[in-house]
Amino acid sequence: MNGVGTMDRAGYAASGIGDINGDGLDDVLIGAPDAGPFSGASYVVFGNDDGLPESIELSDLASGDGTLGFALIGAQAYDTIGRSVSGVGDFNGDGLDDFMVGAGYAGAYGEVYLIFGAPEFPPSIEVAALGAAGVLLRGEEVGDAVGTAVAAAGDVNGDGFDDLLITARNAGEDGEAYVVFGTDQPLGATLNVGTLSPAQGFPIVGFKPRSNALLAASSAGDLNGDGYDEVMVSAFDATIEVCGNAQGLTYVVLGRADGVSEPVDISSFTDGDGSEGFVVLGAACGNRSGYAIGGGGDFNGDGVDDIIIGAPDAKPGGRNEAGAAFVLFGRSEGFPPRTELSELVSGDGSLGFALNGINEDDGVGTAVGMAGDLNHDGIEDLIVGAHMASPNDLRLSGQSYVIFGRDDGFPAEIELSSIVEGDGSAGFAIDGAAASDFAGRQVGEAGDVNGDGIDDLLVGAFGADAGGRTNAGRTYVLFGTTEPFAPVFNLFQIGEVGSFLSTTVAGVRTFFAACLNRTDPQEAIVTPADQPGFFRFNCGEIGVAANVGDNVQVIVDGRSAGDRFVGESGGFEGNARLLCRNLTQGVDTLPRPLGETGAWSCSDAGLPIALGDQLRAIVSGTTN
């Protein structure tokens, strides 16, 4: 899903939002905070079980008829709406899911726009004039920055309505968060979260000064199995006692039926009895634990929800800022007032475990989340992002890691390198498509977008040059499946375009090749004779014309005729890219970009090949 304009940074925030239009399919929400310029925009893309295209231009939503989705347009410059976005669940009890978009710099106080689900939407909604479409949530004091983060809260008070969680990093003394209870009663056009009554919700206060508090918020699901959902907020630069810098603290506030008649002061948690909530301490000084937090799924199949906490500055194995993420299992016996993530690493995996980043400066844990049940085995999966990673020698292309849930236990630590080098049974890696894409800055569950009964996945790449538009941003939906996963999936494979006018391929008995021009939509298929050795075809000769600068993609499928799979391509500007895949063995290889000669080799790039294996090569670039 491609951003609209240069520097829009679409995909900086993204979220599955449930079924907001009642068609039985889950929808997704994409934030583009720098669109406008800097007024920001957000885009809702509706699920579709009638075949989704490989790519969607978000610009088509606002100019359409509302059937594919719609846009939310910021009110004025520097509001940056869409910096935080989230589904809410069914807040107002009308049977349709709702969602919200945060704009911490909007107006005088910061604003959050709660949009109610409806059977139909116009192609665009101006947030300055929501009307009956939703409610404006704002702060009490100038500069509160309400909307710093937004998140679904689940049902915190057990009344059957879904609640919401928003943060305001400058409110009060050192920031505040607010739980707003769902209700079927009218809220009016505007709700001041700084003056909530006990019937409307409650504030969370007591954050440490200068702790970068409240940049992350999330539901924790029902972490203690009592039937009420918990919420989490964090302060990734906060410390307790011995730490001098940036240990990071995550606060879990417990749900309960009797409500809250006064603010919840999280500073009292460490000396409390755990009945109101508890604090999770980073594993080591300087980890910045809580930079990202997520929860609401049962990852180990014990019937109790679990949480995941990102610590992007962690140094596993001495690798500076490789980053880590920590999974803390829920438990029905509850939690002590203090839980230390260091205990997970030194434990036996029964309380939770750590996921360790691969290379220095990868920053694993800048994004974390539950992934739904991506492989349809009945247990929730999770995903962690490392948008600073540089796989395949593509600097800052980004990498994410899906870890499959299971009920047979986990070790105390998992090296994410074992996922990349594995067989796909424990999980898989998702590589960014191009340098400086920053893929994995936002990750999470999309819901079932294509209606196949299996959960899908969202990955944001706010730095992608979609359509040649610098930093327009791109957001990817990866469909869940019951088929085996390859250990590495490259986002280059989704909706990517390139050009390749003529090619010669050796070492494959080819039964299918296709040329696709994405700029001037054209496609054609060629089926050369089934014979070993070299064959040659030309996209132009089979009906796909390409002008200078057009994006064309060519796919070659065949069976191995030996241990070599090589070719030579012409017609590129020099920025062509190649993906090699052995479908039989479930292995992908992404060599360096093609050189000026156009020569390429899958076998020399390390793709294992046996006689008769089904092979695929995809070449993309720009025509010259």
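Just so we're clear, the structure is a prediction, and the values are computed from it rather than from any experiment.

### What to know about unusual backbone geometry
Thought 1: At Asp-361, a position not held by glycine, the phi torsion is positive, near 70°.
Thought 2: Along the chain, the position of Asp-361 falls in the loop between strand E24 (352-356) and strand E25 (367-372).
Thought 3: Backbone geometry places Leu-396, a non-glycine residue, at a positive phi of 60°.
Thought 4: Looking at the element boundaries, Leu-396 is found in the loop between strand E26 (381-386) and strand E27 (399-403).

### Brief notes about the confidence of the model for the protein chain
Thought 1: On average, residues of the protein chain carry a pLDDT of 88, and 91% of them reach 70 or more.
Thought 2: Low pLDDT, under 50, characterises residues 496-502; the predicted model gives this stretch 49 contacts beyond four residues in sequence or across chains.

### Focus: the pairing of strand E16 (residues 230-235)
Thought 1: Among the 6 residues that make up E16, 6 are buried, leaving the element largely enclosed by the rest of the structure.
Thought 2: What you see with E16 is no split at all: Glu-230, Met-232 and Ser-234 on one side and Val-231, Val-233 and Ala-235 on the other are buried throughout.
Thought 3: Sheet analysis places strand E15 (residues 213-221) next to E16, joined by 5 bridges and oriented antiparallel. Within E16, the position partnered with Ser-218 by the bridge is Met-232.

### Structural notes on the packing of aromatic side chains
The relative placement of two aromatic rings is captured by the distance of their centres and the angle of their planes.
Thought 1: Summed over the entire model, instances satisfying the criterion amount to 19 aromatic pairs.
Thought 2: When the ring of Tyr-12 is compared with that of Phe-462, the centres are 5.6 Å apart and the planes differ by 65°; the resulting orientation is edge-to-face. Taken together, the residues span a long stretch of sequence, with Tyr-12 in the segment before strand E1 (13-18) and Phe-462 in the loop between strand E31 (456-461) and strand E32 (474-478) at a distance of 450 residues. Each member of the pair, Tyr-12 as well as Phe-462, is classed as buried.
Thought 3: With centroids separated by 6.1 Å and ring planes inclined at 45°, the aromatic side chains of Phe-329 and Phe-410 adopt a geometry described as tilted. Taken together, the residues Phe-329 in the loop between strand E22 (324-328) and strand E23 (338-340) and Phe-410 in the loop between E27 and strand E28 (413-415) connect sequence positions 81 residues apart. Taken individually, Phe-329 and Phe-410 each receive the classification buried, so the pair is uniform in this respect.
Thought 4: Among the aromatic side chains, those forming a connected cluster through ring pairs are Phe-46, Phe-70, Phe-99 and Phe-121.
Thought 5: Looking at Arg-441, its charged tip hangs above the ring of Tyr-12, at a distance of 4.6 Å from the centre.

### So, the side chain of Asp-448
Thought 1: The residue Asp-448 is located in the loop between strand E30 (439-447) and E31 in this model.
Thought 2: Although buried, Asp-448 forms no salt bridge, and the nearest oppositely charged side chain, Arg-581, lies 19 Å from it.
Thought 3: From its side chain, Asp-448 meets the backbone nitrogen of Gly-451 in a polar contact 3.0 Å long.
Thought 4: In terms of polar contacts, Asp-448 uses its side chain to reach the backbone amide nitrogen of Gly-453, at 2.8 Å.
Thought 5: Beyond its immediate chain neighbours, meaning those up to four positions away, Asp-448 contacts Leu-25, Asp-26, Gly-453, Ile-454, Asp-455 and Asp-456.

Thresholds applied
- Residues numbered from 1 in each chain as written.
- Predicted model: local features only at pLDDT ≥ 70, side-chain atom pairs only at ≥ 80, totals over all residues.
- Heavy atoms only, no water.
- Helix = DSSP H or I, 4+ residues; strand = E, 2+ residues; numbered from the N terminus.
- pLDDT = per-residue confidence, 0-100.
- Contact = heavy atoms within 4.5 Å.
- Buried < 20%, exposed > 50% of the residue type's maximum accessible area, 1.4 Å probe, protein only.
- Pairing = 2+ DSSP bridges.
- Phe/Tyr/Trp six-rings, centres within 6.5 Å; stacked < 30°, edge-to-face > 60°.
- Lys NZ or Arg CZ within 6 Å of the ring centre and 35° of its normal.
- Lys, Arg positive; Asp, Glu negative; His and termini not counted.
- Salt bridge = Lys/Arg side-chain N within 4 Å of Asp/Glu carboxyl O.
- Polar contact = N/O pair within 3.5 Å; in protein donor to acceptor, adjacent residues only side chain to side chain.

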